[in-house]
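This is what each chain is made of:
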Amino acid sequence: MPKDPLLYINGDFKPLSQANISVLDQGFLLGDGVFDVVSAWMGSIFKLDEHLDRFFQSLQASRLTTSMTREQWRKAIIETVRCNQMQNASIRFIVTRGVAKQVVADPRDYDPTIIIWATPYVFLADQEKRNTGIRLFISHLRSFTPDTLDPRYKCLDRLHFQLAKIEALEAGYDDVIWLSTDGYVSEGPASNIFMVSKGTLYTPGREVLHGITRQTFLDLAEEAGILAVERDLTAFDLYSADEVFTCSTAGGALAVREVSGRPLQGATPGPITQKLDALYWRLRESGAHGTPIY
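Residues numbered from 1 in each chain as written. Predicted model: local features only at pLDDT ≥ 70, side-chain atom pairs only at ≥ 80, totals over all residues. Heavy atoms only, no water.

Enquirer: Requested: an account of helix 2 (residues 48-62), with residues and values cited.
Expert: Helix length check: helix 2 (15 residues) gives 21 Å between terminal C-alpha atoms against 21 Å at 1.5 Å per residue, within 8%. Residues of helix 2 that are buried include every one of L48, H51, L52, R54, F55, S58, L59 and S62, and no others. Seen from one end, helix 2 has its buried residues packed into an arc of 165°, which puts them on one side. Turned more than 90 degrees away from the buried face of helix 2 sit Q57 and Q60, all of them exposed. (Helix = DSSP H or I, 4+ residues; strand = E, 2+ residues; numbered from the N terminus. Expected span 1.5 Å × (residues − 1). Buried < 20%, exposed > 50% of the residue type's maximum accessible area, 1.4 Å probe, protein only. Arc of directions from axis to C-beta.)

Written as structure tokens, this is what we have:
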């Protein structure tokens with residue numbers, strides 16, 4: 001990629017060194033905006049249309065609109081990666097409510113800020129931790145309820161996520177998840193969670209972000225003949241599981257070797273984690289569900 005990568009901002013490509021938005025932007029002042037993250041591997045963007053589906057759902061639910069059509073967004077995302085000469089990339093696309101037209105802002109009256117930003121592909125953990133598994137912390141913080149802020153909003157307001165991550169890192173852990181207000185396992189700042197018990201794969205089914213990678217792993221499990229069940233899980237279920245892993249656009253499956261001081265009893269990564277992750281990367285490298293960049 002260029003030394004000074006190009007970002008797409010409000011219809012133009014600008015070098016990162018010159019890219020800026022107003023300090024009065026509602027995205028900065030209030031976290032008022034939505035985003036999505038898609039990734040490219042070996043010159044192909046994986047499940048771009050599924051990510052755009054989720055992005056447009058967040059836009060609709062947030063009452064955020066842009067003058068760009070879905071196809072224009074699609075082309076702009078591809079062109080951003082192409083302009084930066086990348087094969088493997090993580091691409092974030094963002095819409096904020098922009099700068100308010102009045103001091104006392106009317107959130108219905110706005111000119112949106114649009115940003116597309118591509119970086120080299122991001123893994124949530126280094127190679128050693130991908131090989132041996134991470135230590136996962138359960139935060140004292142709780143997830144938002146759907147009547148407060150539905151987890152399906154992929155929004156910019158991330159203070160909750162940051163506080164949970166700080167808590168985990170300060171305690172010496174690698175990553176964090178939180179529970180719902182009624183005590184069930186929810187998700188993490190950048191990933192969904194799975195566990196394996198007696199050969200069956202489980203993942204929380206409600207009050208979580210509908211991750212594209214999460215759904216991919218459910219589909220791969222079905223194709224591999226592995227029973228996959230969406231259901232409520234408690235911390236006890238994770239403590240006593242045979243395998244636990246998180247999954248995200250940033251690296252696929254990431255095995256967990258310890259949950260809040262409880263080392264898992266089985267091998268890490270476990271056999272089902274390894275199998276599903278291998279199938280995931282085989283799928284990525286095949287170009288299936290991919291949008292060519294070049």
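Enquirer: Any details on the packing of helix 7 (residues 212-223) against helix 9 (residues 271-286)? Residues and values, ideally.
Expert: Orientation of helix 7 relative to helix 9, taken along the N-to-C sense of each, is 110°, at an axis distance of 10 Å. Between helix 7 and helix 9, the angle falls in the class roughly perpendicular. For the pair formed by helix 7 and helix 9, the contact residues are T213, T216, F217, L220 and A221 on the first element and L276, D277, L279, Y280 and L283 on the second. Among the residues forming the contact of helix 7 with helix 9, the class breakdown is seven nonpolar, two polar and one charged. (Axes fitted to C-alpha atoms, helices over the stretch in contact; angles between N-to-C directions. Parallel < 35°, antiparallel > 145°, perpendicular 65-115°, else oblique. Contact = heavy atoms within 4.5 Å. Nonpolar A, V, L, I, M, F, W, Y, C, P; charged D, E, K, R; others polar.)

Enquirer: Explain the sheet that holds strand 2 (residues 12-15) to me, using residue names and the numbers behind them.
Expert: Strand order in the open sheet formed by seven strands is 2-1-6-5-3-4-15, and the pairing between neighbours is antiparallel. Two strands close off the open sheet at either side, each with one partner strand: strand 2 and strand 15 (290-292). Neighbouring strand axes in the sheet, compared pairwise and without regard to direction, differ in orientation by 30° on average. Those strands touched by helix 2 are strand 3 (33-41), strand 4 (44-46), strand 5 (89-96) and strand 15, and its axis lies near 175° from that of strand 3. (Pairing = 2+ DSSP bridges.)

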